[in-house]
Structures are given as C-alpha cells and as structure tokens.
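A closer look at the structure
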Amino acid sequence: MNTHQHNIAIIGGGCAGLSAAATLTERGYSVTLFEASSQLGGRARTVVVENKDLLQLLDNGQHILLGAYHATLSLLEKAGVKENEAFLRLPLQLNMVSSSAKSIFSLKSVNYLPAPFNMLVGFIFCKGLSFKDRITALTFMRHLQSSNYEIINDKPLVKFLKLHHQSAKLIQMLWEPLCLAALNTPIAKASSKIFLNVLRDSFSGNKKNSDFLIPKLDLSKIISHPLAHYIQARGGSIKLNHRIRTLVEVDNGFNLETRQGTFNFSHVIVATSPARTDKLLEQLPKLKTSRDKTDHYQYQPIYTIYLQYPIETKLPQVMCGLSNTISQWVFDRGELCGEKGLLAVIVSAEGKHQKLTQDDLALKVAKELNQAFPQLPKPLWHKVIAEKRATFSCLPDLARPTNRTAQSNLYLAGDYTYASYPATIEGAVRSGIYCANLISNAS
C-alpha cells in the first residue's frame with residue numbers, strides 16, 4: 001500500500017537499485033524499478049551458458065562477502081535469506097600454494113580470541129614468514145590500529161607498505177592478495193586510504209567481521225530473486241527489459257522514456273554503472289559536476305575461469321590462493337555448491353592474461369592448477385566469463401560523486417558513490433539504503 005505521495009523510479013537492478021527499492025517499499029513508498037536487461041543482480045548474477053549442447057547455470061563471478069558486510073547481510077536476512085543455507089562462513093584464512101605444490105604461506109585467525117587478538121596471534125603462528133617478517137607485520141598492524149586505520153595523504157598502496165617496511169614477501173603473500181580481492185586494483189595503483197577502510201571494518205570490532213562468507217547457492221538465488229520477491233510483495237513494480245532512453249525534468253518531476261512508453265515520477269534514483277549514468281544524466285545540466293567526476297574513471301576486469309573435472313575431483317581446501325601464477329584464487333564448487341568436480345579460478349584486475357584468448361587463458365590456468373595440485377587430471381571442459389569493466393579502478397584520491405545531487409529529487413546510487421569503500425556489494429547496498437533514507441527524511 002502506498003502511504004506516501006511520492007512515486008519513485010529506480011533505474012538499475014543491481015545491488016544498489018535492489019537495496020534502495022527494498023528499503024523504500026518496506027516504508028510504504030510507491031516504487032518502480034527499471035532494469036535494461038532480462039535479469040536483475042548486475043555484476044552479482046547467475047548466467048546461462050551452453051556447454052556441449054547442454055544449458056548450465058554459472059555465476060558471472062565467484063564473489064566473497066566479509067563478515068563486516070553488515071548492511072548486505074541484514075538486507076538479505078530481511079528478504080528471507082538464511083545465512084547458513086546461503087553461505088559457508090569461514091574465519092579469515094589465507095592459504096597460498098606455489099606452482100610446485102607446496103604451501104608457502106598460511107595465515108588463519110584464531111577463532112577463540114576476540115578482535116584484534118585473533119589476528120595478532122594468527123600472525124605470530126602463521127607459516128611461511130620469517131620471524132622478522134612476522135614482527136614487521138605485527139608492528140604494522142598495531143600502528144594501523146592505534147591510528148584507527150586513517151592516513152592524511154592518500155598514495156598508491158605499494159608505496160605506503162614500503163614506507164612501513166613491509167618486505168617483498170609480505171607484500172606478495174599477504175597484502176597484494178588482500179588488495180586484489182578487496183579493491184580489484186593492482187597494488188601499484190590502489191588507494192591506501194580505501195584499503196585501510198576495508199581493513200578497519202574487517203579487523204576491528206567483532207571478530208566475526210573478518211570472516212569470509214562464500215556463496216553456497218547461485219548468486220541469483222541469494223541476492224536478486226529474494227530481494228525481487230520482497231519488493232513485489234510490498235507493492236513494488238519491477239520492469240525488466242526496460243532501458244531508459246532519456247531522463248528529463250518536467251514540471252511535476254521527471255519523465256523516463258523507454259521503448260515501451262514514457263513514465264512520470266516525482267523522484268528518481270539512478271543506480272547504474274558510472275559509464276551508463278553519464279549518458280542518462282546528459283539532459284540534466286545541473287548534474288554536470290557529478291558527471292565530470294566519473295568522466296575519466298578507469299576500469300578493471302575480473303575473469304572467472306570454470307574448469308570441469310571428473311566428479312570425484314576435490315581440492316585440499318574449499319578456497320586456495322596461488323602464487324607466481326596468473327591464477328589468483330581457486331574455489332572448489334563441488335564442496336561449496338554440490339557442483340561436483342567444478343573449480344572456479346579468479347583473476348582480478350588488469351594483467352598479461354588480458355592478451356590471451358579465452359581458450360589459451362583456460363589452458364594456462366589448467367596447467368597452473370596441475371602444477372599446484374598434481375592429482376588433478378585434465379579438465380573435461382572450460383568456460384571463461386570475462387567482466388572487462390567489472391569495477392572502477394580504486395585509485396588514490398579518486399573523486400566520487402555524492403548520493404544527493406544538485407538536481408532536486410534525483411539521487412545517485414552505486415558502489416562508486418559510497419566514497420569510503422571500493423567497488424563491492426556492500427558499498428552498493430549501503431548507497432541504495434542511503435538514497436532511500438534521503439527520500440524518507442525529506443518526506
């Protein structure tokens with residue numbers, strides 16, 4: 001039931017748009033969500049791929065959530081998602097394997113101690129680092145905690161780490177994998193300030209904040225489907241295959257033109273990617289400043305390489321890191337999702353892998369896995385899913401537009417607007433909720 005006079009359009013059915021729609025419909029607002037494609041979820045979605053004349057569902061990327069993603073977990077719980085059914089929760093652990101099948105680095109938080117001692121003791125007893133490196137890492141972590149993970153002048157993360165005497169091995173085994181996983185930006189370019197924000201939220205407060213939550217179900221079953229049901233059950237409308245051609249201001253709000261017709265709304269939340277947002281806002285001169293901030297954004301890819309092995313194939317752990325390889329992380333989808341023998345390999349950010357064809361990349365990854373895990377046979381088939389503009393490059397001092405704009409009753413949502421976080425599901429969800437709060441508070 002619409003208990004408010006506002007009629008709100010949300011453009012974009014990714015995590016930001018879904019969180020905004022769920023929050024507003026819960027509060028009794030009339031909401032229509034427009035999605036240009038045939039499915040919701042944005043970058044966190046399940047896609048149908050053809051394999052040997054069979055159709056198979058695969059996630060468009062292997063996502064990991066952190067225990068610190070409170071807004072996302074709370075929203076999913078509200079939509080009826082049961083965490084123990086949707087995610088495998090693991091205390092933070094990094095297991096790095098070399099191409100010679102040796103475990104060369106292992107760090108695990110100590111589950112019976114409160115934060116930050118769970119991580120500090122984990123550093124003391126980690127494997128693969130010299131005593132000097134462990135003391136250096138501990139000293140660095142204590143410095144970050146005493147400064148509340150804040151720095152005055154942002155700089156590339158590799159420079160910040162070297163300034164604090166982190167060795168080449170510490171950077172390679174610990175900080176670079178965490179940076180790629182969190183920011184999807186090479187360590188030579190990544191913002192130190194944003195990286196420290198993620199560390200602060202993960203390593204301070206409740207010890208469960210640093211837990212990994214790895215999806216056990218298709219992403220669509222965890223995120224877009226339950227949220228869509230939640231929105232529609234509260235009177236919200238979802239229009240798939242409705243690309244917004246133009247967005248213009250009129251006397252009584254905004255007109256949104258689609259191939260199916262023109263719609264009028266009192267308020268609009270634009271929850272698309274920065275590249276798409278720029279085009280949508282071109283007929284609103286008041287938003288030139290917001291558009292200028294994203295004009296020169298650079299973008300980073302994420303490649304997910306699926307390799308199907310015989311169904312009895314298993315990895316030693318459900319998630320392993322690889323060192324000195326193109327492959328960065330490998331996940332055992334059989335242990336996670338019941339997809340027996342299916343491994344998912346993640347390659348984050350730009351690199352030499354972009355010059356390979358998809359078949360050559362899959363062949364290279366399969367060879368790297370065979371060297372790291374000699375028991376692996378040849379894969380039966382492979383599928384590469386390349387998100388070539390998966391995230392914005394999280395650079396130092398990157399200009400980020402705010403959710404509130406110079407255009408009255410028009411708001412921006414998306415991970416790029418949540419200035420203290422990189423391009424993550426949590427940043428997108430928080431931005432959508434914040435836009436909903438702006439509308440609610442102005443009512």
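Quantities reported herein were computed from a predicted structural model and do not represent experimental measurements.

The subject of this paragraph is the environment of Ala423. Its location among the elements puts Ala423 in the loop between strand S20 (410-412) and helix H15 (425-442). Given a relative accessible area of 14%, Ala423 falls into the buried group. Each C-alpha atom, one on Ala423 and one on Ala390, is 8.8 Å from the other, the two residues being 33 residues apart in sequence. Residue contacts for Ala423: discarding those within four places in its chain leaves Arg43, Thr391, Phe392 and Asp415.

Attention shifts here to unusual backbone geometry. Even without being a glycine, Asn184 presents a positive backbone phi close to 50 degrees. Note on placement: Asn184 falls in the loop between helix H7 (168-183) and helix H8 (192-203). In this structure Asn184 comes out as buried when scored by relative accessible area, which is 4%. The phi torsion at Asn409 lies on the positive side, around 70 degrees, for a residue other than glycine. Positionally, Asn409 belongs in the loop between strand S19 (381-392) and S20.

Taken in spatial order, the five strands of this open sheet run S10-S2-S1-S14-S20, and their pairing is parallel. The sheet is open, and its two borders are formed by strand S10 (237-239) and S20, each paired with just one other strand. If you compare each strand with its neighbour and ignore which way they point, the axes differ by 15 degrees on average. Of the strands in this sheet, strand S1 (7-11), strand S2 (30-34) and strand S14 (267-270) touch helix H1 (residues 15-26), which is tilted by about 165 degrees from S2.

Let us look at the packing of aromatic side chains. Going through the model one piece at a time under the given rule, you end up with eight aromatic pairs. Through a chain of ring-to-ring contacts, the aromatic side chains of Phe140, Phe160, Trp175 and Phe195 assemble into a single cluster. Directly above the aromatic system of Tyr230 lies the positively charged group of Arg234, at a separation of 3.7 Å from the ring centroid.

One way to put it is that helix H5 (residues 131-146) packs onto H7 with a least axis distance of 10 Å and a crossing angle of 55 degrees. It follows that H5 is oblique to H7 by the angle criterion. Every pair of crossing elements has a handedness; the one defined by H5 and H7 is right-handed. The residues of H7 that touch H5, namely those facing Asp133, Thr136, Ala137, Phe140 and Met141, are Lys169, Leu170 and Trp175.

As summarised here, the arrangement of the three strands in space is S5-S9-S6, forming an open sheet in which the pairing is antiparallel. Of all strands in the sheet, those with a lone pairing partner are strand S5 (65-66) and strand S6 (87-90), marking the two edges. Bridge count between S5 and strand S9 (residues 212-215): two bridges; the pairing is antiparallel. Each bridged residue has a counterpart across the sheet, and for Leu66 the counterpart in S9 is Phe212.

This paragraph deals with the pairing of S2. Among the five residues that make up S2, four are buried, leaving the element largely enclosed by the rest of the structure. With H1 bridging S1 and its parallel neighbour S2, the resulting β-α-β unit is right-handed. For S2 and S10, the ladder comprises three bridges, and the chain directions are parallel. Across the sheet, Thr32 pairs through a bridge with Ser237, a residue of S10.

Right, let's talk about the side chain of Asp133 for a bit. For Asp133, the location among the structural elements is in helix H5. Engagement of the side chain of Asp133 in a polar contact is seen with the side chain of Ser167, the distance being 2.9 Å. Setting aside residues no more than four positions away along its own chain, Asp133 makes contact with Ser167, Lys169 and Leu170.

A word on helix H10 (residues 224-233). Among all positions in H10, only Ser224, Pro226, Leu227, Ala228, Tyr230 and Ile231 are buried. Summarising the contacts, the buried residues of H10 are in contact with H1, helix H2 (70-78), helix H9 (219-222) and S10. At the C-terminal side of H10, Gly235 shows a positive phi close to 95 degrees.

Here we come to the packing of H1 against H10. Contact pair H1 / H10: the axes reach a minimum separation of 9 Å and the direction vectors enclose 30 degrees. Judged on the interaxial angle alone, H10 and H1 are roughly parallel. In the packing of H1 onto H10, the handedness of the crossing is left-handed. Counting all contacts with H1, which are made through Leu18, Ala21, Ala22, Thr25 and Glu26, the residues of H10 involved are Ser224, Leu227, Tyr230 and Ile231. Within the contact of H1 with H10, the residues separate by chemical class into six nonpolar, two polar and one charged.

About the thresholds
Residues numbered from 1 in each chain as written. Predicted model: local features only at pLDDT ≥ 70, side-chain atom pairs only at ≥ 80, totals over all residues. Heavy atoms only, no water. Helix = DSSP H or I, 4+ residues; strand = E, 2+ residues; numbered from the N terminus. Buried < 20%, exposed > 50% of the residue type's maximum accessible area, 1.4 Å probe, protein only. Contact = heavy atoms within 4.5 Å. Pairing = 2+ DSSP bridges. Axes fitted to C-alpha atoms, helices over the stretch in contact; angles between N-to-C directions. Phe/Tyr/Trp six-rings, centres within 6.5 Å; stacked < 30°, edge-to-face > 60°. Lys NZ or Arg CZ within 6 Å of the ring centre and 35° of its normal. Parallel < 35°, antiparallel > 145°, perpendicular 65-115°, else oblique. Left-handed = near helix turned anticlockwise from the far one by under 90°. Right-handed = clockwise from strand over helix to strand, strands pointing away. Polar contact = N/O pair within 3.5 Å; in protein donor to acceptor, adjacent residues only side chain to side chain. Nonpolar A, V, L, I, M, F, W, Y, C, P; charged D, E, K, R; others polar.

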